[in-house]
Structure formats: C-alpha cells, structure tokens
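Spelled out, the chains give:
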Amino acid sequence: MKSFFDYLKKLAIQMVVNELKDNSDKFAKKIADKCEIPLLNEKQEAELASKLLDGIIELIEDLPEKDLKDTKK
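Rules used throughout
- Residues numbered from 1 in each chain as written.
- Predicted model: local features only at pLDDT ≥ 70, side-chain atom pairs only at ≥ 80, totals over all residues.
- Heavy atoms only, no water.
- Helix = DSSP H or I, 4+ residues; strand = E, 2+ residues; numbered from the N terminus.
- Buried < 20%, exposed > 50% of the residue type's maximum accessible area, 1.4 Å probe, protein only.
- Lys, Arg positive; Asp, Glu negative; His and termini not counted.
- Salt bridge = Lys/Arg side-chain N within 4 Å of Asp/Glu carboxyl O.
- Contact = heavy atoms within 4.5 Å.
- Patch = residues over 30% accessible without salt bridge, like charges linked within 9 Å, V, L, I, M, F, W, Y side chains within 5 Å.
- Areas by Shrake-Rupley, 256 points an atom, 1.4 Å probe, with all protein chains shown as cover.
- pLDDT = per-residue confidence, 0-100.
- Expected span 1.5 Å × (residues − 1).
- Arc of directions from axis to C-beta.
- Core = buried A, V, L, I, M, F, W, Y, C linked by side-chain atoms within 4.5 Å.

### Focus: the side chain of Glu45
Logical step 1: Looking at the element boundaries, Glu45 is found in helix α3 (residues 42-72).
Logical step 2: Buried within the structure, Glu45 lacks any salt-bridge partner; Lys29 is the closest side chain of opposite charge, at an N-O distance of 9.8 Å.
Logical step 3: Sequence-distant contacts of Glu45, defined by excluding residues within four places in its chain, comprise Ala32, Cys35, Glu36, Ile37 and Leu40.

Right, here's the structure in full:
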C-alpha cells in the first residue's frame, strides 16, 4: 500500500511540475506583479520572478529524491 501512495505522490509532483513549466510565463508574470522592488524595473522584476519560479520547480522536483533518501535510513 505504501508503494501505491508513493506512486501517487510522485505522479502529483510531476503534474505540478508540468503545470508550472507549461505556464511559467503566466506564473512569473503573476509573481512579478505582486513584487514591487524599488531598485528594479519591470523587466528585471520579470527576470527575477522567472528565476524564482525555476528554483521552485527544482525544489519540487527534488522532493521525491529526498523522501527516498529518508526512507532508506
């Protein structure tokens, strides 16, 4: 049963990652719209938001690997 839930968790994570990657421009724009950083212009804010989104995607992709390492201990 545990392996079934592990499979579902990996599937859900992959679905979230795919959604973020497929709509990264839209999500980065939303993030940039929420951030008003005085030292950055709009283009720089969009670039920062895009990099932030890339980092979030990488973190989410690493979740299953961390879980696998924790269960092997």
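### Digging into a nonpolar patch on the surface
Logical step 1: Together, Met1, Phe4, Phe5, Tyr7, Leu8, Leu11 and Met15 give the surface a local cluster of nonpolar side chains, amounting to about 770 Å² of exposed area.
Logical step 2: Within the secondary structure, Leu8 is located in helix α1 (residues 2-22).

### Observations concerning the confidence of the model for the chain
The predicted coordinates ought not to be read in detail in places where the model reports low pLDDT.
Logical step 1: Mean pLDDT over the chain: 85, with 89% of residues reaching 70 or higher.
Logical step 2: Here α3 stands out as the element of the chain with the lowest mean pLDDT, 82, in contrast to α1, whose mean of 91 is the highest.

### Focus: α1
Residues spaced three or four apart along an α-helix face the same direction, because each turn holds 3.6 residues.
Logical step 1: In this model α1 runs 30 Å from its N-terminal to its C-terminal C-alpha over 21 residues, within 8% of the 30 Å that 1.5 Å per residue would give.
Logical step 2: Buried within α1 we find Ile13, Val17 and Leu20. All buried residues of α1 lie within an arc of 60° about the axis, which places them on one face of the element. Turned more than 90 degrees away from the buried face of α1, the exposed residues are Tyr7, Met15 and Asp22.

### Describing the nonpolar core
Logical step 1: Counting nine residues, the largest nonpolar core consists of Ile13, Val17, Leu20, Ala28, Ala32, Ala49, Leu53, Ile57 and Ile60.
Logical step 2: With four residues, α3 is the largest single contributor of residues to this core.
Logical step 3: Contacts of Ile57, omitting those with residues within four sequence positions, involve Val17, Leu20 and Lys21.

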